[in-house]
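# Structural characterization, general
Here's the letter readout for the chains.
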Amino acid sequence: MLRSLERERERGFRAFSEAATIAELEAAQVAILGRKAPFSDVQRAVGTLEPDDRKSVGRVINETRADLQRASDERRAELEAVAEDALIAADRVDLSLPGRRPRPGSLHPLSLAEDEIVDVFLRLGYRVAEGPEIEDEWHNFEALNIPPDHPARTMKDSIYVHLPGHPELLLRTETSSVQIRTMQSQPPPVYIVAPGRVYRRETADATHLPVFHQVEGLVVDEGITFADLKGTLDAVARALFGQDRETKLGPAFFPFVEPGAELAVTCMRCDGAGCPVCGNGWIELLGCGMVHPQVLENCGYDPERYTGFAFGLGIDRVAILKYRIPDIRLLVEGDIRFLAQFGASR
Ligand code: FA5
């Protein structure tokens, strides 16, 4: 009986240590210590022994069962630890690869164009001036020699703002109002550029927007002539479009300059051949002229002593001409595929 107990102990130790999974260990537990296992047969046979033998064999049986149970428990603990490690390994998040980076944004083509235009003038010694987008009629019209019966003042062209107690407010139709505000705020000489947004009642098409951007330029000093204006515009056009692009200066009328002119650049779509966008091969880029003596006087400047030139350049037009954008409306549609093609962040 003791020999078979010894045999069962060895068989049990081997079976438990060889069990590779919890399920195998449980099967071994049944085979070694279960009710139908040889060990239990031995245990049941103890009753047939003499009382003295029963006692000593009973002790060996109890020790053997305890040893086997301990071996089984230890193996279970080992197998459970292995299973847990496997679970942790399966759940592991791999942080060793680089994450997906958000794509860096880029500057809007209008910002790029504005920065470039303003940079040209800062290099020429101008400073940047500002004015409000909601203007009164005097700064937007009267001071600029645009009398109350002028067609530009009708509701058809301008967008009026109705605020109680402010009967004559409107969204500025041109940045020229900043000319007036600048001259009112400082004595000559003046060398400024004023970038900003302007509003008109206009239907959008390939070269027009109802809300667009201008850079106003104003120079007032002693001895300023039309040659200064022309030389400045030539330098600016070259800086913005390079040597190859053709420009053309022609006469134009603006009530606040005399003489007035307009600068056009060959179309970005047809390079001057003529197409449905431009019609005759040219896209108008800016209006300009010598500051009207009446405007100088309206701002308290002495027109006998000072002369000046001014210009109003369309930033949206610069952007479409410079980047060869076929339709100005692309600038305001917010299509990320279009916008992502332009320059790095500031
Ligand atoms: C003016 O706004 C004058 N204030 C310019 C000026 C300033 C003349 C100083 C003399 C002295 P005009 O309406 O032509 O002029 O507009 C000037 C420029 O703004 C145009 O040459 C064009 O480049 C741009 N522009 C005009 N209308 C639009 C529009 N609807 N959409 C986009 N750009 C426009």
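As a starting point, this report considers the structure included with it. (Residues numbered from 1 in each chain as written. Predicted model: local features only at pLDDT ≥ 70, side-chain atom pairs only at ≥ 80, totals over all residues. Heavy atoms only, no water.)

### Structural notes on the sheet that holds strand 8 (residues 257-266)
Applicable threshold: In this scheme, strands are said to pair when DSSP sees at least two bridges between them. For the purposes of this entry, the term helix denotes a DSSP run of H or I that reaches at least four residues, the term strand denotes a run of E that reaches at least two, and both are numbered from the N terminus. Any two residues whose heavy atoms approach within 4.5 Å at even a single point are treated as in contact. Where helices are involved, their axes are fitted lines through C-alpha atoms of the stretch in contact, as for all axes, and angles between N-to-C directions lie from 0 to 180°.
The seven strands are arranged 1-5-6-10-9-8-7 in an open sheet whose pairing can be described as mixed. A strand with exactly one partner marks an edge of an open sheet, and here the two such strands are strand 1 (127-128) and strand 7 (247-251). Bridge count between strand 7 and strand 8: five bridges; the pairing is antiparallel. Residue pairing across strands places K248 opposite A264, the latter belonging to strand 8. Where helix 7 (residues 177-185) meets the sheet, it contacts strand 1, strand 5 (190-199), strand 6 (211-221) and strand 10 (307-314), and its direction lies at approximately 40 degrees from that of strand 6. Relative to strand 9 (residues 282-291), helix 8 (residues 226-241) is tilted by about 150 degrees, and along the sheet it contacts strand 7, strand 8, strand 9 and strand 10.

### Quick word on the site of the ligand
So the rule is basically this: Residues are labelled near a given molecule or strand when at least one of their non-hydrogen atoms is within 4 Å of it. Whenever a nitrogen or oxygen atom comes within 3.5 Å of another N or O atom, the pair is scored as a polar contact, on the condition that within protein one atom can donate a hydrogen and the other can accept it, and that pairs from neighbouring residues in sequence are kept only if both atoms are in side chains.
The environment of the ligand is formed by 25 residues, the closest being E174, S176, R200, E284 and L285. Take L209: an N or O atom from its main chain is 2.9 Å from a nitrogen atom of the ligand. Listed by contribution, the elements that provide at least two residues to the shell around the ligand are strand 6, strand 9 and strand 10. For the shell around the ligand, the element with the highest residue contribution is strand 9, accounting for five residues.

### Some thoughts on the nonpolar core
Applied cut-off: The definition of a nonpolar core used throughout is a set of buried Ala, Val, Leu, Ile, Met, Phe, Trp, Tyr and Cys residues joined through side-chain atoms within 4.5 Å. Whether a residue is buried, partly exposed or exposed follows from its accessible area with a 1.4 Å probe, protein chains only, as a fraction of its type maximum: under 20%, in between, or over 50%, in that order.
In terms of nonpolar packing, the biggest core is built from 49 residues, with I117, L285, F309, F311, L313, V318 and L331 touching the most fellow members. Tallying contributions element by element places helix 5 (residues 109-123) first for this core, with six residues. Excluding residues that lie within four positions of it along the chain, F311 makes contacts with F121, V193, V215, E216, G217, L233, L286, G287 and C288. If you look at the next biggest cluster of nonpolar residues, it comprises 24 residues, including A129, I180, M183 and V295.

### A closer look at the pairing of strand 8
Counted residue by residue, strand 8 has seven buried out of 10 residues, so it is predominantly covered. In this antiparallel pair of consecutive strands, strand 7 and strand 8, the connection spans five residues. In this sheet, strand 9 lies alongside strand 8 in antiparallel orientation, the contact comprising eight bridges. Among the inter-strand pairings, G260 is bridged to a residue of strand 9, identified as G289.

### Thoughts on unusual backbone geometry
A cis amide bond links P188 to the next residue, P189, at an omega of 0 degrees. Inspection of the secondary structure puts P189 in the loop between helix 7 and strand 5.

### Observations regarding the pattern of salt bridges
We apply this condition: Any Lys or Arg side-chain nitrogen found within 4 Å of a carboxyl oxygen on Asp or Glu counts as a salt bridge.
In the structure shown here, the tally under the stated rule is 19 salt bridges. Residues E137 and R153 are paired through a salt bridge, measuring 3.6 Å at the closest nitrogen-oxygen approach. Of this pair, E137 sits in helix 6 (residues 137-140) while R153 sits in the loop between helix 6 and strand 3 (159-163), and the two are 16 residues apart along the sequence. Each member of the pair, E137 as well as R153, is classed as buried. Among the ionic pairs, R324 bridges to D271, the shortest N-O distance being 3.2 Å. Remark: D271 occurs in the loop between strand 8 and strand 9 and R324 occurs in the loop between helix 10 (315-322) and helix 11 (336-339); sequence separation between them is 53 residues. A relative accessible area of 43% means that R324 is categorised as partly exposed. Judged by its relative accessible area of 47%, D271 falls in the partly exposed class.

Read these as layout, nothing more, since geometry by itself doesn't imply function.
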